[in-house]
Amino acid sequence: MNLTLQRLQEYLYEKYKTMKPDDLNNTQRYFLKLIEEVGELSEAIRKDCRMKDDNIKGTIEEEISDVLYYIMVIANTYNIDVEKCFRLKEAYNAKKYGFKIEIDR
């Protein structure tokens, strides 16, 4: 099964609702975690640590996953549909910058 942004958001919402209901709307904590993960991504990029043989620990791939994770959790605290917002922003950018490629081809 393909993982969509919508399904990822639903999964994370259910995970936090079940495992950490008191943290469900702790936006400040999630934002600080996001900043921490961006720093770890920066370090992994600087060291060019890439995943080999599905060993994700300490790699760019791991840190990108962590950044995405916290972006989605933060979006959930504001009840933001990330996929819808991304589509709207891309449509806006297409007009602003004049590119013709469409997200749904």
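Above: the structure in question.
Residues numbered from 1 in each chain as written. Predicted model: local features only at pLDDT ≥ 70, side-chain atom pairs only at ≥ 80, totals over all residues. Heavy atoms only, no water.

**Some details on the packing of aromatic side chains**
Moving on, step 1. Taken as a whole and judged by the stated rule, the model has four aromatic pairs.
Moving on, step 2. Taken together through their ring pairs, the aromatic side chains of Tyr16, Tyr30, Tyr69 and Tyr70 make up a single cluster. (Phe/Tyr/Trp six-rings, centres within 6.5 Å; stacked < 30°, edge-to-face > 60°.)

**Some thoughts on helix H2 (residues 27–47)**
Moving on, step 1. In this model, H2 (21 residues) spans 30 Å end to end at C-alpha, consistent with the 30 Å of a helix rising 1.5 Å per residue.
Moving on, step 2. Among the residues making up H2, those that are buried are Thr27, Tyr30, Leu34, Glu37, Leu41 and Ala44. For H2, the angular spread of the buried residues around the axis is 90 degrees, confining them to a single face. Opposite the packed face of H2, turned more than 90 degrees from it, sit the exposed residues Gln28, Leu32 and Arg46.
Moving on, step 3. In this structure, the buried side of H2 is in contact with helix H1 (5–19) and helix H3 (60–77). (Helix = DSSP H or I, 4+ residues; strand = E, 2+ residues; numbered from the N terminus. Expected span 1.5 Å × (residues − 1). Buried < 20%, exposed > 50% of the residue type's maximum accessible area, 1.4 Å probe, protein only. Arc of directions from axis to C-beta. Contact = heavy atoms within 4.5 Å.)

**As for unusual backbone geometry**
Moving on, step 1. In this model, Asp53 sits at a positive phi of 55 degrees, which is unusual for a non-glycine residue.
Moving on, step 2. Of the residues examined, Asp53 reaches a relative accessible area of 79% and is grouped as exposed.
Moving on, step 3. Of note, the phi angle at Asn79 is positive, near 55 degrees, even though the residue is not glycine.
Moving on, step 4. Considering the arrangement of structural elements, one finds Asn79 in the loop between H3 and helix H4 (82–97).

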